[in-house]
Amino acid sequence: MAEQYFARKPAARHREREFSTTLRGATLSFHTDSAVFSRTEIDRGTRLLVEALEVRPRESILDLGTGYGPIGLAVAASVEDVNVVMSDVNRRAIALARRNARSNGLRVDIREGPLYEPVAGLSFHHVVANPPIRAGKSVVHGIVDGAPAHLVDTGSLWLVARTQQGAPSLGKKMREVFGTVDIVARGGGFRVLRSRLPGNP
């Protein structure tokens, strides 16, 4: 059985590769490896989420569970003066994200650790994630439960999940925590869900 991409210190044999793709109108190159999520291409859910995000210049975003960095780096490449923080529990993924930030000439803040631990005391306009459904409800629900404490008063949580697998229960959890949830994009068997704090119209 392949090592899961949410392992903290992957021991799987390295299988590095590189590819280029366009996200949010920016052409980016990515180095990937074994034991990281979607190592051969940007998966459909992540691509749908990236293109649906509504981030304004000078806003801040936390890319939680960044993997090798497609979400955070796409935002950094396409939004002026944005403050991007990217985190992941997977040490190999963090190394790849840092390498990809350098190779694409992007300035971002990349931190290692589980859930919100690396950003204790920080708040953002947006928390964004393609949650690791296979890691279990404790992790996935932890993303939702912890989001309000790390959002500014007008902040939003953006998540993506498969329509027939994780989206219904994830949407229910988001509604429980935030009081509201919107489906902002659909496609390829995925839904992008967004919840806003009450102060956000």
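See the structure shown above.
Residues numbered from 1 in each chain as written. Predicted model: local features only at pLDDT ≥ 70, side-chain atom pairs only at ≥ 80, totals over all residues. Heavy atoms only, no water.

### A closer look at unusual backbone geometry
Leave glycine aside and you will find that most residues have negative phi; peptide bonds, for their part, are mostly trans. The cut-off we apply is this: Strands here mean DSSP runs of E at least two residues long; helices mean DSSP runs of H or I at least four residues long; both are numbered from the N terminus. For every residue, the accessible area obtained with a 1.4 Å probe (protein chains only) is divided by the maximum for its type, and the residue is called buried under 20%, exposed over 50%, and partly exposed between those limits.
The phi dihedral of Arg24 is positive, around 55°, even though this residue is not glycine. Inspection of the secondary structure assignment puts Arg24 in the loop between strand E1 (17-23) and strand E2 (26-32). The backbone of Leu115 shows a phi angle near 45°, a positive value even though the residue is not glycine. Here Leu115 shows up in the loop between strand E5 (109-112) and strand E6 (124-129). Under the relative-accessibility criterion, Leu115 is labelled partly exposed at 33%.

### Here's the deal with the sheet that holds strand E3 (residues 60-64)
The pairing of strands in a sheet comes from backbone hydrogen bonds and takes either a parallel or an antiparallel form. Note the following rule: When DSSP finds two or more bridges between a pair of strands, those strands are recorded as paired. Comment: axis = line fitted to C-alpha atoms, over the contacting stretch for helices; angle = value between 0 and 180 degrees taken between N-to-C directions.
Spatially, E5-E4-E3-E6-E7-E9-E8 is the arrangement adopted by the 7 strands of the open sheet, whose pairing is mixed. Both outer strands of the open sheet, E5 and strand E8 (182-187), are each paired with one neighbouring strand and no more. Going from strand to strand, the sheet's axes swing by 20° on average, the running direction of each strand aside. Inspection of the sheet shows strand E4 (residues 83-88) paired to E5 by 4 bridges, in the parallel sense.

### Looking at the environment of Val82
Formally: Whether two residues touch is decided by their heavy atoms; if any such pair falls within 4.5 Å, the residues are in contact.
In this fold, Val82 is placed in the loop between helix H2 (70-78) and E4. Through-space distance from the C-alpha of Val82 to that of Arg58 is 4.5 Å; in sequence the pair is 24 residues apart. Those residues in contact with Val82 that sit more than four places away from it in its chain are Val55, Arg58, Glu59, Ile61, Val75 and Ala76.

### So, the packing of helix H4 (residues 137-146) against helix H5 (residues 167-178)
Counted only if it meets this: For classification purposes, an angle smaller than 35 degrees is called roughly parallel, one larger than 145 roughly antiparallel, one from 65 to 115 roughly perpendicular, and anything else oblique. We call a crossing left-handed when the near helix sits turned anticlockwise from the far one by less than a right angle, and right-handed when that turn is clockwise. Here the nonpolar group is Ala, Val, Leu, Ile, Met, Phe, Trp, Tyr, Cys and Pro; Asp, Glu, Lys and Arg are the charged ones; every other residue, Gly included, is treated as polar.
As a packed pair, H4 and H5 sit with axes 9 Å apart at the nearest point and diverge in direction by 30°. Our classification of the angle between H4 and H5 gives roughly parallel. H4 and H5 meet at a crossing whose hand is right-handed. Contacts between H4 and H5 pair Val140, His141, Val144 and Asp145 from the former with Leu170, Lys173, Met174, Val177 and Phe178 from the latter. Looking at the contact of H4 with H5, its residues break down into 6 nonpolar, 1 polar and 2 charged.

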